[in-house]
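Structural features, examined
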Amino acid sequence: RSSDLAGNVSAASSALSVITSNATITYCTSKGSNVTYEWIDLVQLNTINNVTTANGGYGNFTSLSTDLGRGTSYTIYFSAGFKSTKYTEYWYIWIDYDQDGTFESTELISSGSSSSASTLSKTFTVPSTATLGSTRMRVTMKYNAAPTACETFSYGEVEDYTVNILGTASSYKAEGIDA
């Protein structure tokens, strides 16, 4: 039912049922088994600026989050720390845009290799179809081979973060109220 300021009340409309989900999304595990010689030492995206040392092969940084807008381009920065020799590392970064708990190939925002300790970067655009809300970003650095999102490998490291997908600026419009 709806009513106006004059006290007029409409007839009841059809019932609407809403079901909300309290399901927690579960992600696969992934980690490096040995971080003696190389590890992730920087991940920077928007308001995340995480400088670390070796985290035992996996760093759960999901308590760190940043907002990303649909259809907006961002640059992510990342780098490796090395004990001494600089090895070839493969960097793969995914964002679970559809929030289904799986990192699909269409959600890969960066892939490539480097044997540099310098800060690397990759610019990507959040798809306009990305599901709104909080989701997982996985940063994987694997020695000498391309990683998958869900594996345990010999040398390197994995770090997980949270990103919050927001609508584009054009989707926020002030609602006018008739007097």
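Let us look at the structure shown here.

Reading guide: rules and limits
Residues numbered from 1 in each chain as written. Predicted model: local features only at pLDDT ≥ 70, side-chain atom pairs only at ≥ 80, totals over all residues. Heavy atoms only, no water. Helix = DSSP H or I, 4+ residues; strand = E, 2+ residues; numbered from the N terminus. Buried < 20%, exposed > 50% of the residue type's maximum accessible area, 1.4 Å probe, protein only. Contact = heavy atoms within 4.5 Å. Areas by Shrake-Rupley, 256 points an atom, 1.4 Å probe, with all protein chains shown as cover. Pairing = 2+ DSSP bridges. Axes fitted to C-alpha atoms, helices over the stretch in contact; angles between N-to-C directions. Disulfide = S-S within 2.5 Å. Core = buried A, V, L, I, M, F, W, Y, C linked by side-chain atoms within 4.5 Å. Lys, Arg positive; Asp, Glu negative; His and termini not counted. Salt bridge = Lys/Arg side-chain N within 4 Å of Asp/Glu carboxyl O. Polar contact = N/O pair within 3.5 Å; in protein donor to acceptor, adjacent residues only side chain to side chain.

Thoughts on the overall build of the chain
- Of regular secondary structure, the chain possesses zero helices and 10 strands.
- Starting at the N terminus, the α and β elements of the chain follow one another as β-β-β-β-β-β-β-β-β-β.
- Per-residue burial over the chain gives 37% buried out of 179 residues.
- Sequence separation of at least 24 residues holds for 73% of the intrachain contacts in the chain that already meet a minimum separation of 6.
- About 10,200 Å² of surface is accessible on the chain, with carbon and sulfur atoms providing 48% of the total.

Let's talk about the sheet that holds strand E2 (residues 38–45)
- Spatially, the four strands line up as an open sheet ordered E3-E2-E5-E8, and their pairing is antiparallel. The open sheet terminates on both sides in strands that have one partner only, identified here as strand E3 (48–51) and strand E8 (120–125). Taking the axes of each pair of neighbouring strands and ignoring which way they run, one obtains an average angle of 25° across the sheet.
- Pairing between E2 and strand E5 (residues 73–82): seven bridges, direction antiparallel.

Points about the state of the cysteines
- Applying the stated criterion to the full structure yields one disulfide.
- Linked covalently through their sulfurs, Cys28 and Cys150 form a disulfide whose S-S length is 1.8 Å. Its S-S torsion of about -70° marks the bond between Cys28 and Cys150 as left-handed, since a negative value means left-handed. Of this pair, Cys28 sits in the segment before strand E1 (31–34) while Cys150 sits in the loop between strand E9 (133–143) and strand E10 (152–166), and the two are 122 residues apart along the sequence.
- Judged by its relative accessible area of 24%, Cys28 is partly exposed.

So, the pairing of strand E6 (residues 89–95)
- Buried residues dominate E6, accounting for six of its seven residues.
- Pairing of E6 with strand E7 (residues 108–114), which is carried by six bridges, proceeds in the antiparallel orientation. Bridging across to E7, Trp94 finds its partner in Leu108.
- As judged from the seven bridges shared by E6 and E9, these two strands associate in the antiparallel manner. From the neighbouring strand, Tyr90 faces E9, where its bridge partner is Lys142.

Remarks on the nonpolar core
- Formed by 25 residues in total, the largest nonpolar core has its most connected members in Leu68, Ile76, Phe124 and Met137.
- Broken down by secondary-structure element, the contributors of at least two residues to this core are E2, strand E4 (58–69), E5, E6, E9 and E10.
- When residues of this core are assigned to their parent elements, the largest contribution, five residues, is made by E5.
- Sequence-distant contacts of Phe124, that is, excluding residues within four places in its chain, are made with Leu45, Leu68, Thr72, Ser73, Tyr74, Ile76, Ile95, Tyr97 and Ile109.
- Counting five residues, the second largest nonpolar core, distinct from the first, contains Tyr27, Tyr92, Phe103 and Ala149.

Let's talk about the side chain of Glu157
- Examined against the element boundaries, Glu157 turns out to sit in strand E10.
- Although Glu157 is buried, it forms no salt bridge, and the closest oppositely charged side chain is Lys31 at an N-O distance of 9.4 Å.
- A polar atom in the side chain of Glu157 sits 3.0 Å from the backbone nitrogen of Ile40.

Details of the pattern of salt bridges
- Taken as a whole and judged by the stated rule, the model has three salt bridges.
- The partner of Asp160 in a salt bridge is Arg136, and the shortest N-O contact between them spans 2.9 Å. Placement of Asp160 in strand E10 and of Arg136 in strand E9 is noted, with a sequence separation of 24 residues between them. Both residues of the pair, Asp160 and Arg136, belong to the buried class.
- Accessibility expressed as a relative area gives 0% for Asp160, which makes it buried.

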